[in-house]
Amino acid sequence: MTAFPATELHQRVAWLTVGFDGDAWILGRPDLGVFVAVPEPGAVFVTTLQETGSIADATARATEVAGEQVDGDDFIEGLTAAGLFEAATEQKTGPDAPGRIRWIEGVSPGTAARLFGRVGWSCYAAAAVGVLVIMVTRPDLRPSWEDAWFLPSPGLSLFAGLLLTIAFSALHEAWHWLAGRAIGVPAVFRLSYRGIYIVFETDLTQIVAVPRNRRHGVYLAGTAVDSVILAIVLGLRLPGPPGVIDDLLAAAALLQITRIIWQGAALPLRSDSYALLANVLRCHNLYRATWLTTKARFLRLTAEEADELAAMSARDRRIASWFTLPYLAGIAIMTWVLFTIAVPLAVSLGRWAWERLGSATLGSFGFWEALFVVVYVGAELLLPVALALRERRMRRSGRLL
């Protein structure tokens, strides 16, 4: 028996959208941002239930398509557990959701589409090529970790760098939103935070309702605009501007090239490149499948993890068997970035702060500046670890899928 009376079940199933995703069907609740991949019999069951309101008819048609008996009541329980029949709440779907940035939503899809037509992508490609040419032909313009310390005061350098990071992050996420807007995805652009950091987020959950071949540009959009910014910054450095301006541009170049490398390499952190590759490879949970496959090769899976891997689609498991290589390569590149940029900068700033704390008068500007540097460096090093541990706890408790 289902948890809902027949009339209420018919009403709730009408909330679901059904779309084909190449090798699976997607059942969704766009208003809640909840989507589930099911085989064809599941899609037939839902569409029949929407048409007739009869579980018996839906079960019969799904059984016919599957070629074996389908348990309709069990399928409905699964959809209920996935949250597809949950009533919408103002907190989840209201227009005044916390952090939502409404002014950008005034950009029409037609206007956004102009940024991602042939001319737009040609400009992004030209910017990327220009960056590569400058990096190869002008070694003196290649960024180094020392460029982050571009003001006489390290505290002011960190603060100014933080402002640049916020601005570039906002533009990166806004470009994802605009690309989604261009293909009709009702995305949400909002301001949030992680620990002590201000972050911008683009909710593109509903993109799964769009054909895969139209999603590529949305996933590439952030890196595309990053390339344009980097090309402009490097172009401005070519003539050799005055010292302070050149130092500022060098710091901006360091931030942008680090972001681009990170977005390309951070496959284990589900970066933009991961989203693009998972989409091109037509996978639904490549991240988790790859992690479990990699763990199985080097360690041992728990019984629950083995069951989870076995329950994944054959395609995800097949792709994950070789996706381990780029996955590990991404970890190697991230490690290289860590030890060539983050660690030297953290050590340099930490040494400076330790010396300043030992010599500055308590309560003076030098003292507070040094304390700010210590807190900032500590947060940079410890916050990712704290977030990873939090995600691990949430996964174990079942609150994170």
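Residues numbered from 1 in each chain as written. Predicted model: local features only at pLDDT ≥ 70, side-chain atom pairs only at ≥ 80, totals over all residues. Heavy atoms only, no water.

### Some words on the overall build of the chain
Assigned secondary structure in the chain consists of 15 helices and five strands. The buried share among the 401 residues of the chain stands at 41%. Looking at the chain alone, contacts between residues at least 24 apart form 64% of all its contacts between residues at least 6 apart. For the chain, the accessible surface area stands at approximately 21600 Å², while carbon and sulfur atoms represent 64% of it. (Helix = DSSP H or I, 4+ residues; strand = E, 2+ residues; numbered from the N terminus. Buried < 20%, exposed > 50% of the residue type's maximum accessible area, 1.4 Å probe, protein only. Contact = heavy atoms within 4.5 Å. Areas by Shrake-Rupley, 256 points an atom, 1.4 Å probe, with all protein chains shown as cover.)

### Quick look at the environment of G330
Structurally, G330 is set in helix α14 (residues 314-359). Along the primary structure G330 and I261 are separated by 69 residues, whereas in three dimensions their C-alpha atoms are 9.7 Å apart.

### Thoughts on the environment of L255
Residue placement: L255 occurs in helix α10 (residues 243-265). In sequence terms L255 and P143 are 112 residues apart; their C-alpha atoms lie 8.9 Å from each other. The contact partners of L255, leaving out residues within four places of it in the chain, are G161, L164, T165 and F168.

### A short note on a nonpolar patch on the surface
Together, F298, L299, L328 and I331 give the surface a local cluster of nonpolar side chains, amounting to about 400 Å² of exposed area. Its location among the elements puts L299 in the loop between α12 (286-298) and α13 (303-311). Using a relative accessible area of 63% as the deciding quantity, one classes L299 as exposed. (Patch = residues over 30% accessible without salt bridge, like charges linked within 9 Å, V, L, I, M, F, W, Y side chains within 5 Å. Salt bridge = Lys/Arg side-chain N within 4 Å of Asp/Glu carboxyl O.)

### Digging into the packing of α10 against α14
Closest axis-to-axis distance for the α10/α14 pair is 9 Å, and the angle between their directions is 155°. Of the possible angle classes, the one that applies to α10 and α14 is roughly antiparallel. Pair α10 / α14 crosses with left-handed handedness. Here L254, T258, I261, W262 and A265 of α10 come into contact with α14, specifically with G330, I333, M334, W336, V337 and I341. Considered class by class, the residues forming the contact of α10 with α14 number nine nonpolar, two polar and no charged. (Axes fitted to C-alpha atoms, helices over the stretch in contact; angles between N-to-C directions. Parallel < 35°, antiparallel > 145°, perpendicular 65-115°, else oblique. Left-handed = near helix turned anticlockwise from the far one by under 90°. Nonpolar A, V, L, I, M, F, W, Y, C, P; charged D, E, K, R; others polar.)

### Some details on the nonpolar core
Ranked by internal contacts, the top residues of the largest apolar core, which has 20 residues, are F116, W175, L178, V185 and V218. Residue assignment for this core shows that the elements contributing at least two residues are α8 (154-182) and α9 (216-237). With near-sequence residues (within four places) excluded, V185 lies in contact with G180, L204, Q206, I207 and V210. (Core = buried A, V, L, I, M, F, W, Y, C linked by side-chain atoms within 4.5 Å.)

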